[in-house]
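# Structure at a glance
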Amino acid sequence: PAFNALDLKLAGHGDEFFQWNTANALWGQTGHPFLPEYLDTLALYYGAEMQLLELGQDSQGAVEIINEWTRYKTGGRIPQVLNSIPALTKLLLTNAVYLNAAWEHPFPETATQKERFYLLDGARVKVPMMHQTNRLFYAAGQGYQAIALPYRDPGLVMIIVLPETGRFQEIQAGFTDAWLAGVLSGLGRPEVTLTMPKFGFETPDIDLKETLSTMGMIDAFIGFQADLSGMDGTHNLYIHEVRHKAFIDVHEKGTEAAAVSVAIVQWFGIEADAPESVVVCVDRPFLFVIRDLTTGTTFFLGHVLDPR
């Protein structure tokens, strides 16, 4: 019910300056006895249907169908999430998100020029740097500066956290949701002269099994210990692997981002006192968050070590 409520609220977003799509789909082995109650739950709360495929004898055909779904749901930005399907697979769960949002204050394209960016090892590289001066949300804390760039859609922002030189790993290690909430609560709105790089990248295919296990999701990956009986009434199913890919492109006009995962088997900050004006030059490694402040939902989270 909580997921459904969030999904319905986010579905209210969207116009010529903002596209947001999220989709869930399940792909089940033809003939496997999935419980009607499970299928009803998927439809009622997740907007997801079960599509029956031949995952065993014609696994390549299933791979092509799922990859085509991925391409469509991510605006073509992630064309492939699967190469093959392991034997004995009974179910695949896929989730995709796509965002295309315009800045409230676009960067003038004519102001973009190649300037220095300092890598973690101190090396200097030349990258396209964007420039603007506007009243923006800004905070400075122990070892960092932070700025929230608003999109045209109310409540949607990209938060840039710029650690001081030599403190990137320290800030990254302490980067929790509670820490970020503290940053957001201290935002003021001075006039900011901002310099930041254009950047874009696609992650490699990431296996999340070890990450999820470290976070406490253990039994689900172990046969005979996993309890996925709500799916088919048995204790025979377990999760073999979870894979994830993501894409982002940040430029003068806004941001385009997409992500897809496949499992086999508000901030209304309290405006703080701020200086009249401030200079922020994002010329070294930084972290970023794309967040919906009305719901407190984080859509994308990452860091940039080298904008090239």
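Bear in mind the structure is a predicted one, so any value in this text is a computation, not a measurement.

Quick look at the packing of aromatic side chains now. Tallying each qualifying case throughout the model produces 11 aromatic pairs. Relative to Trp-69, the ring of Trp-27 has its centre 6.1 Å away and its plane inclined at 85 degrees; by these criteria the two rings are edge-to-face. Linking Trp-27 in strand β1 (residues 18-29) with Trp-69 in helix α3 (residues 59-73), this pair joins segments that are 42 residues apart in sequence. Taking the relative accessible area as the measure of exposure, Trp-27 reaches 3% and is therefore buried. Between Trp-103 and Tyr-151, the aromatic rings sit 4.6 Å apart at their centres with planes inclined by 10 degrees, giving stacked as the arrangement. In this pair, Trp-103 sits in the loop between β3 (91-102) and β4 (113-118) while Tyr-151 sits in the loop between β7 (144-150) and β8 (156-163), placing the two residues 48 residues apart along the sequence. Accessibility expressed as a relative area gives 2% for Trp-103, which makes it buried. Counting every residue linked through ring pairs, the aromatic cluster contains Phe-199, Phe-201, Phe-286 and Phe-288.

So, about the pairing of strand β14 (residues 277-281). Of the two faces of β14, only one is covered, namely that formed by Val-278 and Val-280; the face formed by Ser-277, Val-279 and Cys-281 stays uncovered. Pairing between strand β9 (residues 191-197) and β14: 5 bridges, direction parallel. The residue of β14 that forms the bridge with Glu-191 is Ser-277.

For the rest of this paragraph, the subject is unusual backbone geometry. Positive phi is not limited to glycine here, since Leu-88 has a value of about 75 degrees. Structurally, the position occupied by Leu-88 is in the loop between α3 and β3. For Leu-88, a relative accessible area of 79% translates into the label exposed.

Right, let's talk about the sheet that holds β8 for a bit. What the 5 strands build is an open sheet, ordered β6-β7-β8-β15-β16; its pairing is antiparallel. Whereas interior strands pair on both sides, the edge strands pair on one side only; in this sheet they are β6 (137-141) and β16 (297-304). Averaged over all adjacent pairs, the angle separating strand axes in this sheet is 15 degrees, with direction ignored. Where β7 and β8 come together, 7 bridges link them in antiparallel fashion. The partner of Pro-150 across the bridge, within β8, is Val-157. Of the strands in this sheet, β6, β7, β8 and β15 (286-292) touch helix α5 (residues 177-185), which is tilted by about 80 degrees from β15.

Rules used in this analysis
Residues numbered from 1 in each chain as written. Predicted model: local features only at pLDDT ≥ 70, side-chain atom pairs only at ≥ 80, totals over all residues. Heavy atoms only, no water. Phe/Tyr/Trp six-rings, centres within 6.5 Å; stacked < 30°, edge-to-face > 60°. Helix = DSSP H or I, 4+ residues; strand = E, 2+ residues; numbered from the N terminus. Buried < 20%, exposed > 50% of the residue type's maximum accessible area, 1.4 Å probe, protein only. Pairing = 2+ DSSP bridges. Axes fitted to C-alpha atoms, helices over the stretch in contact; angles between N-to-C directions. Contact = heavy atoms within 4.5 Å.

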